[in-house]
Amino acid sequence: MIVLFILAFLSHSSTATSKTHEGNGSVSEQPRVDINGLQFPWNRIRLPDHVIPVHYHLLIHPNLTSLTFTGSVKIEIDVKHNITSVVLHSKNLQITVATIQDEFGHFLSHRPLQVLENLPHEQIAVLSPKPLLTGEKYFVHIEYKANLSDGFYGFYRSTYQTKNGETRTLASTHFEPTSARMAFPCFDEPHFKANYSIKIRRDDSHIALSNMPIERTVVLEGGLFEDHFEVSVRMSTYLVAFVVCDFKSVSGRTSSGIEVSIFAVPDKWAQTHYALEAAVKLLEFYEQYFNIYYPLPKQDLIAIPDFQSGAMENWGLTTYRETALLFDPETSSASDKLWVTMVIGHELAHQWFGNLVTMEWWNDIWLNEGFARYMEFVSVDATYPELKVEDYLLDTCFAAIGRDSLNSSRPISSAAENPTQIKEMFDTVSYDKGACILHMLRNFLTDDVFQSGIVRYLRKFSYKNAKNEDLWNSIANTCSEEDFTSGEFCYSSSQATKNAYRYAGEHLDLKEMMNTWTLQKGIPLIIVNRIGNVVTLRQERFLKTVLPSDPSWNSEQQGYLWHVPLTYMTSNSRKIGRYLLETKSDTVEMEEEVSWVKFNTDMNGYYIVHYEGDGWDSLINLLNKNHTAVSYKDRANLIHNAFQLVSAGRLSLNQALDLTRYLSHETHNVPLLQGLGYLEVFFRMIERRNIPDVTQNLKNYILQYFNHVIDKQTWSDEGSVSDRRLRSAVLELACDLGYPPCVKKANHLFSEWVGSNSTISLPTDVTETVYSVGAQRPEGWTYLLDKYQVSLSGTEKDKILGALASSMDSEKLSRLLDLGLEGVVIKTQDLSSLIYRVSRNPTGHFIAWNFVKKHWNQLVEKFQLGSFCIRNIIIGTTAQFSSKEELEEVKLFFESIQEHSSQLRVTQVALENLEKNIRWLERNLEPMRSWLLKNLQEA
């Protein structure tokens, strides 16, 4: 029998010391405690570097009836320092046997080894009876058992219903960032890369999948089969994956011979075909773009019925939420198709960025996620240009700016030590800001130089780990002429000068430049003042919640400086001007006097621009007279910047609203949706504050001023992806605002659909709008809930859920939230988005908020602290608040859950968002009221 001690760490001091590997930064240390004469031999969150895992031999046997599993792991280790214990990770695993053997297979003891457990740090220590010697090889063998996890991490259970109503169970893994330790004892940190030999036991009604193909299957007694998978490449623990299920698949091959398979529940097999086409095409693109062959013989993509995030990049076995992989032509819209394509593009990019080359520690997770997010756009633009994915890059950067303009933002590269902090790193800063600064860098260096640099980075660090600076050194001119002539992936100094350094001559320090974007938080505001042919430039930190008149302004600005690659166009030239601003202020002299200048061409840079003097007036005048003089991206950028500057107290609301008046001539969906989006945000905020005159006037203005856009929309799936995206958004808003022709048409389509017993197909781009209008009637809401329970289409269920959450009946909204909490009719994976949707409904706002307060502990149990779902719930339910009373209520709630809230960054984000809303209304309600009265009279 194994002796297992659980050490409860106390606050008294200890003389025991330990040394950790370099780079740990500020690490939580707790004293080692004596219990029965035994000490846990390590007191830090991160593991010691005394032992390096080389190879895991892992056997897993899940029981899908008892919902348990047993496992054994034999880890080959190299010892770097003499030790008497092996410390590794384990969480919720019951260790039954632990032994250590030398490299010749001799056991170091004939008695069971003692295992200590440090619960707060999720670590165990296997105590050796003899010293393990430096330079020697040993094998740590551990047998264990556990329950399949109830949540979405570790080795967890998932269920689905067949079309006949039968419930079936499967088991799947999700390990990123720190949950491999829930499936097998391991060195669960990204720099401990190793090879894996995996065996999985199952019955004949199931299949087993893992990172590698099956090498052979052994028949065991009792009707069991044991699948032996090929040895994996070297990889981090969080990329290991296995699934036991009864799914069906469709397969194809890339031009380089990689077998690609899409797995789904049997009843949804027909929805896998588009994903196969996209995955093959995108995998071929990446092999060509990175000039490195995909290193595994196969790539499986599997749709898991219960999945918290969008997808996970496990090497060779990527896992997805069903709505992120399956495409049903009958129910999936143009936006759904783009979403599936982008998610596949993201996860396949990870096979190189993240899997082949992995960040050394989670503080640089953006090296994985920022690159994968950016490569979504690069890859989909190259393989599916008709999807117009570049339109969404602007939205990505707008989202990043929304977070980064708050004081509660963080640097892209930030310290993160414990699991909660690490989970919070998977946010818009890592993903969206990371993608946007890479886009800026690519535009700065040129496509070819950027591509050559990242290929060099991937080649240099293949099967290794990298840090922030390794990327910049690889992209910069750091290789010798010998490297260049020998075929290494780098570029010569002459090529670098010609391309990358055209802004600043040969003295550009790329690492120094990019450190200003990754090691400090925030976004720069570029202030432009044009007098004659001289443009004066200044940079400040852009903040929406601290105004220049506030006492804290100077301290919040101190120490911030960016190296900003500026681009601009003028009234006299379509040629793009370029200038690298490395100081607080500077001047640029134009060749001749210009009537207007527009900085941040096509929004290729990550910064906000404010035009002093008559700068804004000249641009407003330009848009009114000839808006096509600048690109649609520039027009969307101007709208965005103007309203951001209103929030920061830099520009009057009147000027920003005046700028949007040109939209009566606009035909492109991106600036149209940008302008409409801001007006809708203002409408929602004012509506919730119960200010009837401004609410009604703003609604009237939107419906009158954009009448030409609304009325020309057809209730169909015709046109380009851009046309279809505009149609979905415009008709949804028009019906939501009660525009009679829109509501009438939607009611007609809904009645026809119900009358046919939902056998006729609605146009996919307007389906959710039709459902939402139908859901306002009691019988329509009930019909939709019934339809939700039997639908086999994830995208259809998602649209129905959005419609159900739009009901103005408070009892129905409460019932919906209760169903989400129960997790039967509405799966738990959809609960956080349901709460968010109900909170956006004026009727449901306080219902959702009170629901979160009441069930907070249950929500944390379901989703884990720091997870995307918890963050989504906090931001979603507080983002609509805009009064001081509501601010106090939110503060009180956060104080009541101090044990949790003190560990989270997102609570500060929520409070700051609320303060921003309060200030916006205080400054802009009266100007909005006056502007609407004036412009409605003129309409």
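Criteria and cut-off values
- Residues numbered from 1 in each chain as written.
- Predicted model: local features only at pLDDT ≥ 70, side-chain atom pairs only at ≥ 80, totals over all residues.
- Heavy atoms only, no water.
- Disulfide = S-S within 2.5 Å.
- Helix = DSSP H or I, 4+ residues; strand = E, 2+ residues; numbered from the N terminus.
- Buried < 20%, exposed > 50% of the residue type's maximum accessible area, 1.4 Å probe, protein only.
- Contact = heavy atoms within 4.5 Å.
- Pairing = 2+ DSSP bridges.
- Axes fitted to C-alpha atoms, helices over the stretch in contact; angles between N-to-C directions.
- UniProt positions renumbered as here; feature names shortened; annotations may be inferred.
- Phe/Tyr/Trp six-rings, centres within 6.5 Å; stacked < 30°, edge-to-face > 60°.
- Core = buried A, V, L, I, M, F, W, Y, C linked by side-chain atoms within 4.5 Å.
- Salt bridge = Lys/Arg side-chain N within 4 Å of Asp/Glu carboxyl O.
- pLDDT = per-residue confidence, 0-100.

## Comments concerning the state of the cysteines
Using the criterion set out here, one finds 2 disulfides in the structure. Covalently, C397 is tied to C436 through a disulfide, its sulfur atoms 2.1 Å apart. Looking down the S-S bond of the C397 and C436 bridge, the torsion is -115°, so its handedness is left-handed. Highlighted residues: C397 in helix α4 (residues 390-404) and C436 in helix α6 (residues 428-445), separated in sequence by 39 residues. In this structure, C397 and C436 share a single accessibility class: buried. With a sulfur-sulfur separation of 2.0 Å, C735 is cross-linked through a disulfide to C742. Judged by the torsion about the S-S bond (-100°), the C735/C742 disulfide is left-handed. Exposure class is identical for C735 and C742. Each is buried.

## Overview of the side chain of T178
Along the chain, the position of T178 falls in the loop between β12 (167-174) and β13 (195-203). Judged by its relative accessible area of 5%, T178 falls in the buried class. The residues touching T178, leaving out its near neighbours within four places in the chain, are E122, D188, P419, I422 and K423.

## Structural notes on the sheet that holds strand β28 (residues 573-581)
The strand order β28-β27-β30 describes an open sheet built from 3 strands, whose pairing is antiparallel. On the outer flanks of this sheet lie β28 and β30 (597-599), each paired with one strand and no other. Recorded for the sheet is a direction-independent mean angle of 25° between the axes of neighbouring strands. Sheet analysis places strand β27 (residues 564-570) next to β28, joined by 6 bridges and oriented antiparallel. Bridging from a neighbouring strand, V564 pairs with L581 of β28.

## Describing the UniProt feature "site: Transition state stabilizer" (unreviewed entry) in the chain
As annotated by UniProt and renumbered to match this structure, "site: Transition state stabilizer" (unreviewed entry) occupies Y431. Structurally, Y431 can be placed in helix α6. The class of Y431 is buried, set by a relative accessible area of 17%. If near-sequence neighbours (up to four positions away) are discounted, Y431 is found in contact with H346, E369, G370, R373 and F426.

## Describing the packing of aromatic side chains
All chains considered together, the criterion is met by 51 aromatic pairs. With 5.8 Å between their ring centres and 20° between their planes, F353 and Y457 make a pair best called stacked. In this pair, F353 sits in the loop between α2 (334-350) and β23 (357-359) while Y457 sits in helix α7 (residues 447-460), placing the two residues 104 residues apart along the sequence. Centre to centre, the rings of Y374 and F450 are 6.3 Å apart; their planes meet at 80°, and the pair counts as edge-to-face. Taken together, the positions of Y374 in helix α3 (residues 366-383) and F450 in helix α7 put the pair 76 residues apart, joining distant regions of the chain.

## Details of helix α28 (residues 868-878)
The buried fraction of α28 is high, at 9 of 11 residues. Taken as a whole, α28 has its buried residues at C869, I870, R871, N872, I873, I874, G876, T877 and T878. At its buried positions, α28 is contacted by α5 (419-424), α25 (831-840), α26 (845-854), α27 (856-863), α29 (884-896) and α31 (906-938).

## Remarks on the nonpolar core
If you look at the biggest cluster of nonpolar residues, it comprises 313 residues, and the most contacted ones within it are I142, Y144, F184, F187, I344 and F599. What I344 contacts, discounting residues up to four positions off in sequence, is A275, A278, A279, L282, L301, Y320 and L325.

## Let's talk about unusual backbone geometry
Of note, the bond from E176 into P177 is cis; its omega dihedral lies within 30 degrees of zero at 5°. Within the element layout of this structure, P177 appears in the loop between β12 and β13. Positioned with a positive phi, D602 is a non-glycine residue whose angle comes to about 55°. Along the chain, D602 turns up in the loop between β30 and β31 (608-611). What makes D602 partly exposed here is its relative accessible area of 24%.

## Details of the pattern of salt bridges
Throughout the structure, instances matching the rule amount to 44 salt bridges. Linking K799 and D336 is a salt bridge whose minimum nitrogen-to-oxygen distance equals 2.5 Å. Of this pair, K799 sits in helix α23 (residues 794-804) while D336 sits in helix α2; the two residues are 463 residues apart in sequence, bridging distant segments of the chain. The salt bridge involving E926 is made with R929; its shortest N-O contact spans 2.4 Å. One end of the pair, E926, and the other, R929, are both in helix α31, 3 residues apart, so they sit about a helical turn from each other. Via salt bridges that share partners, K91, E122, R181 and D188 belong to a single interconnected network.

## Some remarks on the confidence of the model for the chain
Looking at the chain, pLDDT values average 93 and 93% of them are 70 or higher. Ignoring residues within four places in sequence, the model shows residues 1-31, a span with pLDDT below 50, making 76 contacts including any to other chains.

## Remarks on the pairing of strand β9 (residues 123-132)
Taking burial as the measure, the 10 residues of β9 include 7 buried ones, the bulk of the element. Bridge analysis of strand β8 (residues 115-118) against β9 gives 4 bridges, and the strand direction is antiparallel. The partner of E117 across the bridge, within β9, is I124. Linking β8 to β9, which pair antiparallel, is a turn of 4 residues; within it E122 sits at a positive phi near 55°.

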